[in-house]
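Tertiary structure, described
Okay, here's what each chain looks like letter by letter:
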Amino acid sequence: MGFFVLQKDKLNDFLASLEEYEVWAPVQNGTTTLFEVIKDFQNLSLDLKHQVLISKSAVFPQTESLFTFDRNAHPQATNLEKKKETIIFGIRPCDAQSFQLLDPVFEGDIPDPYYLNRRNNAILIGIACSEPFLNCFCTSVGGNPFSKEPLDLLFTELDSVFYIEVITEKGKKIIDKTSTLCAPASSDERKQKEQMAHTSESKIKRKIDLNHIPEKLTGIFEHPIWKKLAMKCIGCGICTYTCPTCYCFDIQDETRARKGRRVRVWDSCMFTEYTLHASGHNPRPTRGERLRNRIYHKFKFNIDNFGVVGCVGCGRCITLCPVNVDLIENLSAIKEVE
Amino acid sequence: MNIQKLRDEAKRALNRKEVKYLIGYQKGSYGFRVSPAFIESKEEVDRLIFSPLCALSLANYLMLEEKLPQSEDKKKAKATKIALFARGCDSRALNQIIAEKGIPRDELYIIGIPCKGVIDLKKIEARFPGVVDFAEVVEKNGNYIVTIKEQIFEVPKEELVADTCKVCQYPTPLIYNKLIGDNVEGYPANYDEIHSLEEKTLEEKWDFWQKEFDSCIRCYACKNSCPLCYCEGCVLDKLTPQWVRRSVDSSENLLFHITRTFHLAGRCISCGECERVCPMDIPLMKLNRKMEKEVKELFNYEAGKDPVSQTLLTTFNLEDPEDFIL
Amino acid sequence: MSEFEPNIVAFLCNWCSYAGADLTGTTRIHYPPNVKVIRVMCTGRVNPLFVVQALRQGADGVLISGCHPGECHYLKGNYLARRRFLLMKNLLEFIGVNPLRLRMSWISASEGKKFADVITEITEEIKKLGPLKSFKREVI
């Protein structure tokens with residue numbers, strides 16, 4: 001569909017010229033990076049050292065108001081008409097893959113209008129991963145630091161330019177709109193990018209062979225290994241909140257006097273009260289059961305239900321876990337179990 | 001501190017029939033990480049390590065709900081004690097928990113380790129990025145000797161040590177059954193960074209905290225990693241009545257942190273875990289150390305000094321300050 | 001342009017301050033009507049979270065008033081409250097909320113005049129500070 005280049009120092013101009021769109025991008029916030037609607041392009045940060053970046057916020061926000069109600073009037077559903085189309089800029093190929101894992105969940109028997117409204121109106125512009133992070137293992141889950149699905153445009157950072165690959169019609173529209181800033185790519189630049197793609201894949205340091213894990217998991221549901229693996233877990237929500245494929249949510253009513261609203265908020269299967277019944281019974285009372293559930297969900301149930309492994313190998317859960325609960329280490333331990 | 005002496009003491013502790021298991025440190029799964037170790041049998045003590053990379057608070061694990069499954073012979077022996085390593089801050093946490101009747105003293109076998117400070121993982125990973133192979137660090141003459149594969153680097157301690165450790169007043173444990181290692185002198189109380197924030201105007205303070213709490217994602221890592229946050233029905237989780245809503249915005253986040261800070265007033269022992277685990281780098285220790293300074297100045301109280309003292313807010317002094325009262 | 005009328009929430013202990021406030025009324029002493037009274041059995045019962053929630057949900061100032069030290073009906077409730085609220089006030093100041101919005105007073109059952117004076121003083125001060133805009137609950 002076309003290959004273009006954009007001078008690196010023109011990136012802010014490129015994004016600023018797309019003012020008819022709402023642009024989500026990584027934004028510098030002190031020592032961390034947030035992913036939000038960008039107002040000041042000076043704060044754009046593609047140097048994702050901290051890697052917290054929670055890209056799923058763009059399609060599945062942490063707090064979403066479903067409808068408001070008032071004792072004196074009919075409930076008012078949130079207006080889903082978007083005034084502007086959205087551009088989601090600066091996500092890595094693994095984060096883009098995660099959108100493909102979230103789609104079948106929210107497009108199921110009863111399509112979720114809140115998610116679909118954001119997802120279908122979004123144009124995805126990814127940044128290829130030329131320097132994978134410490135705990136990246138995307139190649140072990142069928143991914144690749146330069147993979148293209150389901151992006152519309154893929155940027156690769158070369159020495160002085162961004163090499164842009166147009167993948168879909170939506171992406172082509174963006175290049176047409178910014179044609180004054182982009183130039184066609186030369187075959188040298190194309191070769192550079194191919195070389196980078198090749199090198200980057202070899203830079204992935206952590207690997208795990210996921211063959212036969214679903215079969216293994218079928219047999220070890222009651223095994224004592226789960227208690228052992230979860231001993232160090234403190235039950236915070238970091239792994240689930242920063243995971244691009246986690247989508248569990250809670251629905252709460254917030255009321256005050258005669259008014260209120262119903263919100264959907266992120267929930268975490270690692271919290272004790274996640275499966276707490278009103279009777280007081282909890283089918284997952286200990287951390288062992290909750291850790292087991294998380295691993296089964298991603299590495300067995302997702303395959304059973306949707307045919308793909310439910311993990312994109314971004315490694316955030318490993319890097320950010322405060323007590324070093326390491327998914328790769330746990331999966332290796334599971335493989336060793338008799 | 002001699003690691004062999006530590007392992008021997010761990011072995012002796014596990015030999016005692018009343019000890020269920022031991023909580024210590026072991027090598028992590030990659031690079032500079034360190035993981036907690038739960039050891040039931042004395043054959044496994046060689047897994048135990050202690051180095052400047054050991055930044056976790058093990059006291060936290062005492063109050064997490066379930067305990068390790070006991071082997072049959074331990075059950076028969078009616079093992080009731082848990083052995084654990086405790087640095088200075090951990091020992092104060094234990095003192096405070098015992099004083100609050102959270103856990104009886106005779107259920108603990110504490111192996112005290114005087115601590116010279118731990119390394120901030122974010123700082124060392126920034127200094128040596130991309131290290132997946134196991135790395136080791138020892139302290140020598142005010143420097144850290146970092147060994148990665150066969151390469152050795154020497155880094156001044158100042159550059160890598162955690163900020164909380166730079167103002168630590170009690171590095172030597174205050175409560176223990178056995179002490180392994182030499183006494184370490186603490187620093188005098190230093191609240192300079194609190195003063196600099198106190199001197200700002202109300203608007204500046206508000207803007208500062210508003211910006212910080214804007215990025216809080218309410219992952220609850222601070223609450224879960226805190227050794228003193230162990231209430232079974234935490235007010236911040238309650239639904240009937242609901243104090244803090246589940247929706248995430250600055251106002252609710254502010255309420256969450258004000259409540260947590262207030263509930264830790266006179267109980268926080270400045271281990272710095274909350275700030276260490278926060279994925280959004282929120283300076284939570286500023287809030288906790290402000291309360292620490294207040295309770296010292298106003299009520300001459302320090303948390304975790306001994307296991308029998310009264311707790312701050314269940315007692316009073318007839319001479320408590322009341323110049324603010326009309 | 002109408003003048004700003006602050007919302008003051010007052011937690012009054014049943015035995016001393018509430019009775020004192022009653023006395024203010026029966027002796028026909030005037031005081032600003034901005035105060036909304038919540039009767040509690042003792043100031044020791046007042047959870048600091050009540051104060052924080054009040055400020056977030058519309059109050060511009062909060063008063064906690066109880067028996068004089070040594071005279072608490074439950075012996076020591078007011079001593080415990082004294083410690084608690086000094087800490088909460090200082091914490092709120094550190095966050096950026098004006099400490100003059102959280103007040104305490106000792107008002108006994110016979111001090112009707114004092115109650116009126118305290119309410120008048122607090123209302124005046126908070127009128128000068130203006131409405132508490134920043135600390136409000138954001139949605140609903």
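Our subject is the structure that appears above.
Residues numbered from 1 in each chain as written. Chains lettered and ligands numbered in written order. Predicted model: local features only at pLDDT ≥ 70, side-chain atom pairs only at ≥ 80, totals over all residues.

**A few points about the overall build of chain A**
Applied cut-off: Only DSSP runs of H or I covering at least 4 residues are called helices, and only runs of E covering at least 2 are called strands; the numbering of each starts at the N terminus. Counting other C-beta atoms within 10 Å of a residue's C-beta gives its exposure: the residue is buried at 20 or more, exposed at 12 or fewer, and partly exposed in between, where C-beta atoms are placed from the backbone. Remark: residues whose backbone-derived C-beta atoms lie within 7 Å of one another are considered to be in contact.
Within chain A one finds 11 helices and 12 strands. Taking the principal axes of the C-alpha coordinates as reference, chain A spans close to 65 × 60 × 40 Å. Relative to its 338 residues, chain A shows a buried fraction of 41%. In chain A, the proportion of contacts linking residues at least 24 apart, taken out of those at least 6 apart, comes to 71%.

**Some words on the packing of helix 11 (residues 284–299) of chain B against helix 3 (residues 77–95) of chain C**
The cut-off we apply is this: Axis geometry follows a simple rule: fit a line to the C-alpha atoms, using only the stretch in contact for helices, then measure angles between N-to-C directions, giving values from 0 to 180 degrees. If an angle is under 35 degrees, it is roughly parallel; if it is over 145, roughly antiparallel; if it lies from 65 to 115, roughly perpendicular; otherwise it is oblique. For any pair of crossing helices, the crossing counts as left-handed if the nearer helix is rotated counterclockwise from the farther one by less than a right angle, and right-handed if it is rotated clockwise.
With their axes 11 Å apart at the nearest point, helix 11 of chain B and helix 3 of chain C run at an angle of 140 degrees to one another. With respect to helix 3 of chain C, the axis of helix 11 of chain B lies oblique. Of the two elements, helix 11 of chain B crosses helix 3 of chain C, and the hand of that crossing is right-handed. From helix 11 of chain B, B:Lys290, B:Met291, B:Glu294, B:Leu298 and B:Phe299 reach across to helix 3 of chain C, where they touch C:Arg83, C:Leu86, C:Leu87, C:Asn90, C:Leu91 and C:Phe94.

**Observations regarding the packing of helix 7 (residues 202–214) of chain B against helix 9 (residues 250–263) of chain B**
Packed helices, taken two at a time, are described by the angle their axes make and the gap between the axes. Residues and elements named next belong to chain B. In contact at an axis separation of 9 Å, helix 7 and helix 9 are set at 100 degrees when each is read in the N-to-C sense. Accordingly, the angle class assigned to the pair helix 7 and helix 9 is roughly perpendicular. Seen from helix 7, the contacting residues are Trp209, Gln210, Phe213 and Asp214; seen from helix 9, they are Ser250, Asn253, Leu254 and His257.

**As for the interface of chain A and chain B**
At the interface, 35 residues of chain A touch 34 residues of chain B. Looking at the side of chain A that touches chain B, the elements that each hand over two or more residues are strand 3 (32–37), helix 8 (238–242), strand 11 (249–256) and strand 12 (259–266) of chain A.

**Looking at the sheet that holds strand 4 (residues 108–112) of chain B**
Residue and element names in this part refer to chain B. To be explicit about the condition: At least two DSSP bridges between two strands are required for those strands to pair.
Read from one edge to the other, the open sheet built from 5 strands follows the order 2-1-3-4-8, with strand pairing classed as mixed. Each of the sheet's edge strands pairs with one partner strand only, and the pair in question is strand 2 (34–39) and strand 8 (178–179). With 4 bridges joining them, strand 1 (residues 19–27) and strand 3 (residues 81–86) adopt parallel strand pairing. Bridge pairing in strand 3 links Leu22 to Ala83. In the packing of helix 1 (residues 3–15) onto the sheet, contacts are made with strand 1, strand 2, strand 3, strand 4 and strand 8, and the angle to strand 1 comes to roughly 155 degrees. Here helix 3 (residues 88–99) sits on the sheet and contacts strand 3 and strand 4; the angle it forms with strand 4, its principal contact strand, is near 155 degrees.

**Topic: unusual backbone geometry**
Looking along the chain, the bond that leaves A:Glu149 and enters A:Pro150 is cis, with omega of -15 degrees. Residue position: A:Pro150 is located in the loop between strand 7 (122–127) and strand 8 (153–157). Residues B:Thr240 and B:Pro241 are joined by a peptide bond in cis, for which omega reads 0 degrees. Of note, A:Asn324 is a non-glycine position whose phi angle comes to about 65 degrees, a positive value. For A:Asn324, a count of 19 C-beta atoms within 10 Å gives the class partly exposed. One non-glycine residue, B:Asp281, adopts positive backbone phi at about 55 degrees.

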